[in-house]
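# Structural description and commentary
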Amino acid sequence: MAVTYKNTWKNILTSLKSKIRAEMKCPVITDNTDVKSNQFIKLYPIGSDQLEKASFLETRQYNISCQYFMLRRNTPEFENYIQNQISILEALIHDNITLTLADSSLAYNITMGVMTYSAEVEEYDDYHIVEWELSCTHSGNAN
């Protein structure tokens, strides 16, 4: 028997990428592309949890890492710039707690969890990296 499905991961990442890119004006990457620019945001799946299951519907929470890379500057204004950019991104997510996906379904309860102000990622020693665990809920696989 063939399985009927929609690529929910792709739909969520594509919609988040579009929403963030419109506000932040920097590259937003959702794949393994190697980008080295002054600043960029990387979104990648961490995992998902099944919250509810019925014969006609499944509700899952999707967890996504959101990493914001900013090339380090040795200026007094740099710390202020980082904090400003963080505030913009957090406000963007706060103001958009629902997101219409490419298949016209809805991701909801979009939240940014705990933030790590100075995350470390190999190969990016020249960057200040801020990381959040972003999560959202989606009901799908409807019959």
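Placed above this text is the structure.
Residues numbered from 1 in each chain as written. Predicted model: local features only at pLDDT ≥ 70, side-chain atom pairs only at ≥ 80, totals over all residues. Heavy atoms only, no water.

## Observations regarding the overall build of the protein chain
Scanning the protein chain for helices and strands turns up two helices and six strands. The secondary structure elements of the protein chain, listed N-terminal to C-terminal, are α-β-β-β-α-β-β-β. The burial tally for the protein chain puts 38% of its 143 residues in the buried class. Taking contacts inside the protein chain between residues at least 6 apart in sequence as the whole, the part at least 24 apart equals 61%. Just so you have it, the protein chain exposes about 8,700 Å², and 48% of that area is on carbon and sulfur atoms. Taking the 12 positively charged and 18 negatively charged side chains of the protein chain as two groups, their mean positions are separated by 8 Å. (Helix = DSSP H or I, 4+ residues; strand = E, 2+ residues; numbered from the N terminus. Buried < 20%, exposed > 50% of the residue type's maximum accessible area, 1.4 Å probe, protein only. Contact = heavy atoms within 4.5 Å. Areas by Shrake-Rupley, 256 points an atom, 1.4 Å probe, with all protein chains shown as cover. Lys, Arg positive; Asp, Glu negative; His and termini not counted. Charge placed at Lys NZ, Arg CZ, Asp CG, Glu CD.)

## Observations regarding the pairing of strand β2 (residues 39-54)
Direction of pairing for strand β1 (residues 28-29) relative to β2: parallel, over a ladder of two bridges. The residue bridging Val28 from the neighbouring strand is Ile41, located in β2. Here β2 runs beside strand β3 (residues 57-71); their pairing, made up of 14 bridges, is antiparallel. Counted as the bridge partner of Leu43 is Cys66 from β3. (Pairing = 2+ DSSP bridges.)

## Quick look at helix α2 (residues 77-94)
Given 3.6 residues to a turn, an α-helix orients residues that are three or four positions apart in the same direction. With 18 residues, α2 ought to run about 26 Å at 1.5 Å a step, and its terminal C-alpha atoms sit 26 Å apart, in line with that. Along α2, the residues that are buried comprise Phe78, Ile82, Gln85, Ile86, Leu89, Leu92 and Ile93. Around the axis of α2, the buried residues are gathered within 125° of arc, so they sit on the same side. Turned more than 90 degrees away from the buried face of α2 sit Glu77, Asn80 and His94, all of them exposed. (Expected span 1.5 Å × (residues − 1). Arc of directions from axis to C-beta.)

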